[in-house]
Every structure is written in structure tokens, then in C-alpha cells.
Amino acid sequence: MINDVLSMTGNVLVSPSLILILGAFLVPMAHGWARSALTLALPLITLWAIWQVGDGVQLTASFLDYQLQWVEGSKLSRLFATVFAIMAFAGGLFALNQKHVLELSAAFVYAGSAVGVALAGDLITVFLYWELMAIGSTMVVWSGRTPDAGRAALRYSLVHLFGGLILLVGIIAYIQETGSIDFVLMQANSFATWMILIGFLINTGAPPLSAWLPDAYPEASWSGTAFLSAFTTKTAVYVLLVGFAGEQILIWVGIYMIFYGIIYALLENDMRRILSYSIINQVGFMLVGAGIGTEMAINGAAAHAFTHIIYKALLLMSAGSVMYMTGGKRKCTDLGGLFQSMPFTTLAGIVGALSISSFPWTSGFVSKSMTSQAAYDGNLMFVWFALVAASAGVFLHAGIKFPWFVFFQKDSGLRPKDPPWNMKAAMGLLAVLSIWIGMQPQFLYALLPYVPDYKPYTKAHVYEILQLLLYAGLAFFVLLPLMKRTMTITLDFDWFYRKLAVETAQSLSQTTSRLIAGYMWVRNNVVNSVIDLASHHHNPKGLLARTTPAGVMMFWVVVVLFAYLVLYLFL
Amino acid sequence: MTDTPKAPPTTAPATDTAVKPPLLDINGEPMHWLVRPMTIKLLWLGGLAMLAFVTWLGTTIYTYDKFTLEGTIGFYSWYGFVTCVAMVVFAKLLGLGLSKKDTYYDK
């Protein structure tokens with residue numbers, strides 16, 4: 001019977017995503033070393049399973065009248081699925097001493113769903129995993145277990161359910177339009193494809209709904225944010241690379257995101273919000289690559305997604321370690337001087353910061369520059385100048401600002417130690433990967449969807465990047481007085497639904513209350529008076545309703561007739 | 001009132017070879033060598049020398065410059081610096097209008 005539902009066309013028995021998703025429900029049942037072993041084993045088994053997926057459709061399933069392509073392999077899908085599994089392993093290792101097991105289970109459902117999206121061959125499967133990812137990630141935010149985390153999780157879920165709804169509308173319209181559920185390259189030239197594109201873009205943190213990301217991610221626990229940084233935005237990049245490569249609007253959306261991330265991060269005081277804004281900034285680079293759409297650009301975007309997951313998790317793990325060891329401190333105004341007592345965490349943070357800045361011999365150098373090269377090759381002058389400026393800006397807001405204000409700057413007097421061994425091991429693993437990819441890029445390049453015709457280590461490229469970054473560093477220190485941290489936030493689009501909508505609703509509620517009070521006053525004082533008056537005269541004893549003897553009536557008739565006679569005679 | 005002999009000095013008179021008291025950090029502990037004023041001065045000097053060096057390095061290689069501005073001397077040096085200054089200034093101006101206390105949404 002099961003063969004009626006499932007059908008193997010390759011050597012895949014089950015979707016690799018299910019190993020993590022179903023395994024997530026086993027994690028709470030295990031305890032002690034068994035839980036730790038399971039936490040580390042599930043991602044590794046998933047990684048092995050991903051590499052058993054060959055090219056083309058491997059596993060199908062019947063659903064309503066459709067044949068879902070549950071697992072479909074390609075170089076691009078294996079690249080993304082691989083880095084998702086690596087991240088699940090590193091995140092699990094980092095979170096081994098997380099007391100709240102719900103977070104780890106939710107994170108594995110989340111990671112497994114991301115793998116599912118990467119291996120999905122049709123739009124319905126993409127949508128199912130997409131929504132499961134939203135549920136898993138909401139639970140990870142909610143696992144921060146603070147009132148702020150609860151509220152942020154609610155807002156996060158609303159934005160993602162809204163995005164999912166738009167995606168669903170687009171998919172239904174697309175199936176109506178084409179009769180096909182295949183997830184293939186599309187063009188944004190119809191209602192259906194625009195809805196799908198918008199649904200995908202919401203998960204990248206694209207405008208105008210960018211604020212969901214820096215609103216929600218920093219509210220997760222010290223270990224949760226590392227998971228969150230990896231999956232949602234990067235699966236969105238993956239689906240854009242598959243479905244909308246070469247769509248020019250992505251270039252401009254990407255450039256907006258790049259500078260939005262830099263500017264808001266420069267103004268931010270919370271170290272995890274700085275890093276959250278920098279996720280949007282980095283995803284912007286990937287969107288530009290997707291929008292350019294050449295082989296070099298797609299390679300660049302895919303490679304950058306791979307390296308970014310690793311170094312951003314490293315950065316957020318170093319921030320998470322600081323939180324863990326300082327009792328939850330997140331604000332730059334409360335931190336500083338930690339390098340003296342947390343040398344390992346500082347070093348990990350610096351490696352992550354150099355990688356995100358594309359410093360030579362780190363992973364960012366060999367990935368991000370491919371997108372710039374694609375813009376250069378395509379004679380996209382404005383785009384290229386913007387990307388070069390943005391590369392300097394990345395060093396400014398994440399490469400220097402994060403380590404400077406957290407680990408150096410003024411001495412806060414805090415002397416926390418480095419975190420436990422498993423957290424150091426996770427950071428060490430990602431730091432080594434960041435440097436190894438930077439020094440041996442051929443291993444990453446071999447995984448890319450196209451054979452790369454690109455050599456990152458030319459004298460010219462190294463000298464150019466060194467100049468750009470070191471002078472960005474000079475600008476940072478020259479302008480340090482302007483960068484002084486203050487206990488402020490910067491208003492964003494979420495102001496509309498966090499403040500304006502709330503205050504409008506409150507104002508409407510007050511106005512309605514006043515209207516009801518006015519109505520009650522009119523009812524009590526006017527209507528009731530009229531009723532009382534009518535009742536007074538028309539009650540059984542009232543003047544106008546009481547019964548009177550016939551003689552009285554005759555008397556008054558005589559009076560009236562007499563008055564009439566008098567008037568007639570004398571007037 | 002009688003003159004009393006002065007007590008001998010308890011410490012040796014200051015000389016050039018006297019050991020300076022160690023600089024202390026916020027916790028009263030000896031300051032880490034990396035944040036001592038002399039180290040910071042040396043880091044600035046080293047950094048400026050490195051800036052000059054990388055700018056010079058950039059002039060030692062020939063590159064094919066597709067866009068006019070890219071061909072200017074030390075393009076990546078001045079462009080990196082100027083665009084960063086512009087981004088910081090723009091951020092500060094934006095902050096004038098959009099910055100609020102971090103308890104803004106808690107009210």
C-alpha cells in the first residue's frame with residue numbers, strides 16, 4: 001500500500017529532512033549522554049543521507065491529484081542541504097548544555113525543514129516545508145522564555161504566516177495558470193509569479209518587512225539565535241536562485257538591503273541586533289547575485305550563502321557565549337574589555353568578523369567577491385560601485401564594531417571566563433572551517449552549481465581588498481566619537497504595527513467607548529425622560545390616561561359651550 | 001619649642017631609574033599590556049604605516065580599469081575611507097529622526 005503513496009526513482013529510501021524532523025521528537029525522550037549523542041548523531045546521519053541523493057527526482061509521493069517530487073537532487077540543492085546539516089551539527093554541539101530541550105527539538109524540526117526545502121522538486125513540497133520551518137523557528141524564538149521573546153515570537157509568526165499565505169495564493173494561482181507544480185525557473189510577469197516572489201522575499205528580510213529579523217532573532221536564547229541565523233533567510237536565497245535567477249528587481253532589492261543593514265547596524269547598541277542587521281546586509285549581497293543571474297553570480301550567491309551560514313553562526317555563538325557567561329548582557333554599553341578573560345571567544349569573534357568582512361584567507365573573501373566580479377563583468381557600474389562601498393561598510397559595522405564594542409573599547413570591569421568545552425568546540429569548528437575555506441577554496445568551488453572560472457587570490461584582488469578594509473578601519477577609529485554607544489533603538493517599519501497600529505486601535509477603542517458613553521447618557525437622560533413623561537401622563541392614574549366619570553366630561557363640555565356663547569355674543 | 005631632628009626619609013629620593021607604579025584597570029588590577037597608552041600609540045603608528053604600505057602596494061600592480069573612477073590613484077584606499085565616512089554621517093543624520101530610547105516599545 002505504501003508503494004501507492006511513495007515511489008523511489010533513485011536510491012533514496014526516505015527524505016534526509018525526515019531524519020532531523022522525526023529525530024527531533026526523540027531528543028526530549030533521551031537523557032544525559034544519550035541525548036548528547038543523539039543531538040550530534042542526527043545531523044551527521046542527515047549529512048550522510050544528503051550525499052546519497054543523486055541528481056534528478058529521487059523520491060515521489062502522491063498527494064491529491066499530484067505527484068509530489070519529494071526529493072530532487074542537484075548541485076545547488078546538495079550545497080544548501082549540506083551547509084544546513086553542518087549548521088545543525090555545530091548548533092547542536094553549542095547547545096549541548098541548553099537546559100530547555102524544547103529549543104533543540106524545535107531547532108532540529110526547523111533545520112530538517114530547511115533541508116526539505118532545499119531538496120524539494122515541486123512547489124507544494126516547498127510550501128509544506130516552508131510552513132513547517134515557520135513553526136520550528138517560531139518555537140526557537142519563543143524558547144527564549146522571556147516576556148520579550150514571547151511577544152517577538154508572536155510578531156515573528158504573524159509576519160511569516162502572512163508571507164506563507166501570500167506564497168500559497170501564488171502557488172495556487174500558478175498551478176491554475178500552468179497546470180504544473182514543478183519548481184522551476186519562473187519570471188515575475190504574472191499575478192501568480194509575483195505572489196510567489198513576494199512570499200519568498202519576505203523570508204529574506206526584504207523591504208518593507210525587514211524589521212521582523214532584528215526584532216525576533218536577538219530575543220531567542222543564547223544558543224537559539226545561532227540556529228535562527230542559518231535557515232530562514234538562506235532557504236529563501238535558495239528558492240530565489242532556483243525560481244527567479246536573473247530577475248533584475250532582486251538586484252535593487254539586494255542593494256537596498258545591503259545598505260539598510262549597514263546603516264541600522266551602525267546605530268544599534270545591542271550586539272545581537274547588530275549581527276541581525278548584518279544578516280540582512282549579507283543576504284542583500286546574495287540577492288544581488290541572484291538578480292544578476294549569470295553563472296558567476298549564481299555561484300557567488302550560493303558560495304556566499306554557504307560561507308555566511310558558517311561565519312554568522314560563529315559570530316552569534318561568540319555573542320551567545322558572552323551572554324551565557326555574563327548572565328545575559330547584550331548591550332554594547334554594558335560590555336567591553338572581555339578579551340582579557342575570554343580570549344578564546346574573542347578569537348572566535350575576530351575570525352567571524354574577518355570572514356564577514358571578506359578579509360583575505362578567510363571564507364568571505366573567496367565567496368563574496370564572485371558577486372562583485374559578476375557585476376563588473378556585466379558592466380553594471382552602479383551596482384559594482386555600490387558593492388565595493390558595501391564591502392567597506394561591512395567591515396565598519398560588523399568586522400570592527402562588533403568585536404570592538406564587545407571585547408575591547410572601554411573596560412567594563414567584567415571578567416567572565418570562556419564558556420564550557422562544547423561551546424568552545426562549536427566555535428572552534430566553525431572558525432577552522434572559515435579559515436580552511438578561505439585558504440583552500442577549491443573544495444567549496446567543487447560543490448558550486450557551475451564550474452567556477454574564478455581565481456580569488458590574485459595580487460590585484462588581495463591588495464584592493466586590503467586597502468578597502470584597512471581604510472574602512474581608519475574611518476571607524478577616526479569617527480569613533482560619533483560611534484559612541486547610547487541606550488537607543490532606531491525606529492523601523494515595524495513601528496507601523498508595533499506602535500501606530502496599537503495606538504490607533506487604542507484610540508479607536510477609546511473613541512468607541514466615548515460614543516457608547518454618550519449613547520448611554522442620551523438614553524438615560526433624554527429617552528428615559530421622555531418615557532417617564534409619557535408614562536407620567538399615560539399611566540392608569542396619569543392625566544391623559546386615567547378614567548373619569550361621564551359627569552365630569554359633561555361639565556367640561558358645558559364650560560366650553562358657555563365660553564363659546566360668551567365669545568359669540570360679545571365679540 | 002625645640003628643634004627636633006628630621007626623621008630620615010623612608011623612601012629613596014626620586015631618580016630617573018625609579019620604577020613607575022603599574023597602571024591599574026577599572027578593577028584595580030594591573031592594566032593589560034594591550035590597552036596601555038604606549039601600546040595604543042604603537043598600534044596607531046603601526047596602523048598608519050600599514051595604511052601607507054597597502055596604498056603603495058596598490059600602485060605597484062597594473063590592473064585593467066573598466067570604470068574611470070577606478071583608475072584614480074589609490075582608488076580602493078580613498079573610496080573605502082570616503083564611503084565609510086558618508087555611511088556613518090548618513091546613519092547619524094537618520095538617527096536624529098529615528099532614534100528613540102530602548103524602552104520605547106515597552107511603554
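What you are looking at is a predicted structure, and each value in this text was computed from that prediction instead of being measured.

Here we come to the overall build of chain A. If you tally the helices and strands in chain A, you get 21 helices and four strands. Computed over the C-alpha atoms, the radius of gyration of chain A is 33 Å, more than 25% above the 25 Å expected from 2.2 N^0.38 for a compact globule of 571 residues. In terms of overall dimensions, chain A has a C-alpha envelope of 130 × 65 × 60 Å along the principal axes. Looking at chain A as a whole, 59% of its 571 residues qualify as buried. Counted over contacts in chain A with a minimum sequence separation of 6, partners at least 24 positions apart contribute 81%. Of the roughly 22900 Å² that chain A leaves accessible, carbon and sulfur atoms contribute 70%. Of the side-chain charges in chain A, 30 are positive and 26 negative, and the distance between the mean point of each set is 15 Å.

Across its full length, chain B carries two helices and one strand. Helices (α) and strands (β) of chain B occur, in sequence order from the N terminus, as α-α-β. Counting across all 107 residues of chain B, residues that qualify as buried make up 22%. Element-wise, carbon and sulfur atoms account for 69% of the exposed surface of chain B, whose accessible area totals about 8400 Å².

Look at helix 11 (residues 249–267) of chain A: 28 Å from first C-alpha to last across 19 residues, which is about the 27 Å you get at 1.5 Å a residue. Burial of helix 11 of chain A is extensive: 15 of the 19 residues sit out of reach of the surface.

Bringing the packing of aromatic side chains into the picture now. As enumerated under the stated definition, the model contains 45 aromatic pairs over all chains in all. Ring plane angle 75° and centroid distance 5.4 Å describe the contact between A:F555 and A:W556, whose orientation is recorded as edge-to-face. Seen from the ring of B:Y105, A:R498 lies directly overhead, with NZ or CZ sitting 3.9 Å from the centre. If you follow A:K499 out to its NZ or CZ, it ends over the ring of B:Y104, 4.4 Å from the centre.

Let us now look at the confidence of the model for chain B. Summarising the model, chain B shows a mean pLDDT of 82, and 82% of its residues fall at 70 or more. Mean pLDDT across the elements of chain B bottoms out in strand 1 (residues 99–101) of chain B (91) and peaks in helix 2 (residues 75–98) of chain B (95).

Opposite the 48 residues of chain B that make contact, chain A presents 52 residues. Together, B:F67, B:Y76 and B:Y105 form the three largest contributors to the area buried by chain B at its contact with chain A, with a combined 17%. One can count two salt bridges joining chain B with chain A. Close ionic contact of A:K331 with B:D102 constitutes a salt bridge, the shortest N to O distance being 2.9 Å. There are 15 residue pairs in polar contact (both at pLDDT 80 or more) connecting chain B and chain A. When contributions to the side of chain B that touches chain A are tallied by element, the ones reaching two or more residues are helix 1 (37–59), helix 2 and strand 1 of chain B. Split into classes, the residues belonging to the side of chain B that touches chain A amount to 28 nonpolar, twelve polar and eight charged. Inspection of the sheet shows strand 4 (residues 488–490) of chain A paired to strand 1 of chain B by three bridges, in the antiparallel sense. Opposite A:T490, over in strand 1 of chain B, you have B:S99 as the bridge partner.

All names here are of chain A. A cis geometry characterises the amide bond from P207 onward to P208, with omega recorded as 5°. In this structure, P208 sits in the loop between helix 8 (191–204) and helix 9 (212–216). Look at L64: it is not a glycine, yet its phi comes out positive at around 55°.

In this section: the side chain of A:Q282. All names here are of chain A. Among the structural elements, Q282 can be located in helix 12 (residues 271–292). For Q282, a relative accessible area of 0% puts it in the buried group. Excluding anything up to four places from it in sequence, Q282 contacts H304, H308, Y311, I356, K368 and V394.

On to the pairing of strand 3 (residues 66–73) of chain A, then. Residues and elements named next belong to chain A. Bridge count for strand 2 (residues 56–63) against strand 3 is seven bridges, and the pairing is antiparallel. Pairing of S62 across the sheet is with Q67, part of strand 3. Count of turn residues in the strand 2/strand 3 antiparallel hairpin: two residues, of which L64 carries a positive phi of about 55°.

We now examine the packing of helix 19 (residues 459–478) of chain A against helix 2 of chain B. Relative to each other, helix 19 of chain A and helix 2 of chain B sit at 35°, their axes nearing to 7 Å. Relative to helix 2 of chain B, helix 19 of chain A is oriented so that their crossing is right-handed. Two secondary-structure elements touch here, helix 19 of chain A through A:E464, A:Q467, A:L468, A:Y471, A:A472, A:L474 and A:A475 and helix 2 of chain B through B:Y76, B:S77, B:G80, B:F81, B:C84 and B:V85.

Further remarks concern helix 10 (residues 224–243) of chain A. With 20 residues, helix 10 of chain A extends 29 Å from end C-alpha to end C-alpha; this agrees with the ideal 28 Å at 1.5 Å per step. Within helix 10 of chain A, 20 of the 20 residues are buried, which leaves the element mostly enclosed by the surrounding structure.

Attention now moves to the pattern of salt bridges. Residue and element names in this part refer to chain A. Overall, the coordinates contain twelve salt bridges over all chains when judged by the stated rule. With a shortest N-O distance of 3.4 Å, E219 and R330 are connected by a salt bridge. In this pair, E219 sits in the loop between helix 9 and helix 10 while R330 sits in the loop between helix 13 (295–326) and helix 14 (343–356), placing the two residues 111 residues apart along the sequence. Comparing E219 with R330 shows no difference in burial state: the two are buried. In the salt-bridge network here, residues are joined through shared partners; they are R155, D215, D494 and R498.

Before going further, it helps to examine a nonpolar patch on the surface. Where nonpolar side chains cluster on the molecular surface, the patch consists of A:F562, A:Y564, A:L565, A:V566, A:L567, A:Y568, A:L569, A:F570 and A:L571 and spans about 1100 Å² of accessible area. Inspection of the secondary structure puts A:L565 in helix 21 (residues 550–570).

Turning to the nonpolar core, a few remarks are in order. Proteins that are soluble and globular tend to have nonpolar side chains buried together. Residues and elements named next belong to chain A. F80 and F200 are the most contacted members of the largest nonpolar core, which has 208 residues in total. At 19 residues, the largest contribution of residues to this core is made by helix 13. Once residues lying within four places of it in the same chain are set aside, the contact partners of F200 are V126, W130, L167, F183, A236, V239, L240 and F244.

Now for the environment of A:F344. All names here are of chain A. Within the secondary structure, F344 is located in helix 14. By relative accessible area, which is 32% here, F344 ends up partly exposed. Once the C-alpha coordinates of F344 and M133 are considered, the two residues, 211 residues apart in sequence, prove to be 33 Å apart. What F344 contacts, discounting residues up to four positions off in sequence, is D418, K424, M427 and G428.

Before going further, it helps to spend a moment on the side chain of B:T55. Secondary-structure assignment places B:T55 in helix 1. A distance of 3.2 Å separates the side chain of B:T55 from the side chain of B:S77, its partner in a polar contact. Discounting chain neighbours no more than four positions away, the residues touching B:T55 are A:Q467, A:Y471, B:G74 and B:S77.

The rules behind each value
- Residues numbered from 1 in each chain as written.
- Chains lettered and ligands numbered in written order.
- Predicted model: local features only at pLDDT ≥ 70, side-chain atom pairs only at ≥ 80, totals over all residues.
- Heavy atoms only, no water.
- Helix = DSSP H or I, 4+ residues; strand = E, 2+ residues; numbered from the N terminus.
- Rg over C-alpha atoms; globule rule 2.2 N^0.38 Å.
- Buried < 20%, exposed > 50% of the residue type's maximum accessible area, 1.4 Å probe, protein only.
- Contact = heavy atoms within 4.5 Å.
- Areas by Shrake-Rupley, 256 points an atom, 1.4 Å probe, with all protein chains shown as cover.
- Lys, Arg positive; Asp, Glu negative; His and termini not counted.
- Charge placed at Lys NZ, Arg CZ, Asp CG, Glu CD.
- Expected span 1.5 Å × (residues − 1).
- Phe/Tyr/Trp six-rings, centres within 6.5 Å; stacked < 30°, edge-to-face > 60°.
- Lys NZ or Arg CZ within 6 Å of the ring centre and 35° of its normal.
- pLDDT = per-residue confidence, 0-100.
- Buried area = accessible area lost by both parts, 1.4 Å probe.
- Salt bridge = Lys/Arg side-chain N within 4 Å of Asp/Glu carboxyl O.
- Polar contact = N/O pair within 3.5 Å; in protein donor to acceptor, adjacent residues only side chain to side chain.
- Nonpolar A, V, L, I, M, F, W, Y, C, P; charged D, E, K, R; others polar.
- Pairing = 2+ DSSP bridges.
- Axes fitted to C-alpha atoms, helices over the stretch in contact; angles between N-to-C directions.
- Left-handed = near helix turned anticlockwise from the far one by under 90°.
- Patch = residues over 30% accessible without salt bridge, like charges linked within 9 Å, V, L, I, M, F, W, Y side chains within 5 Å.
- Core = buried A, V, L, I, M, F, W, Y, C linked by side-chain atoms within 4.5 Å.

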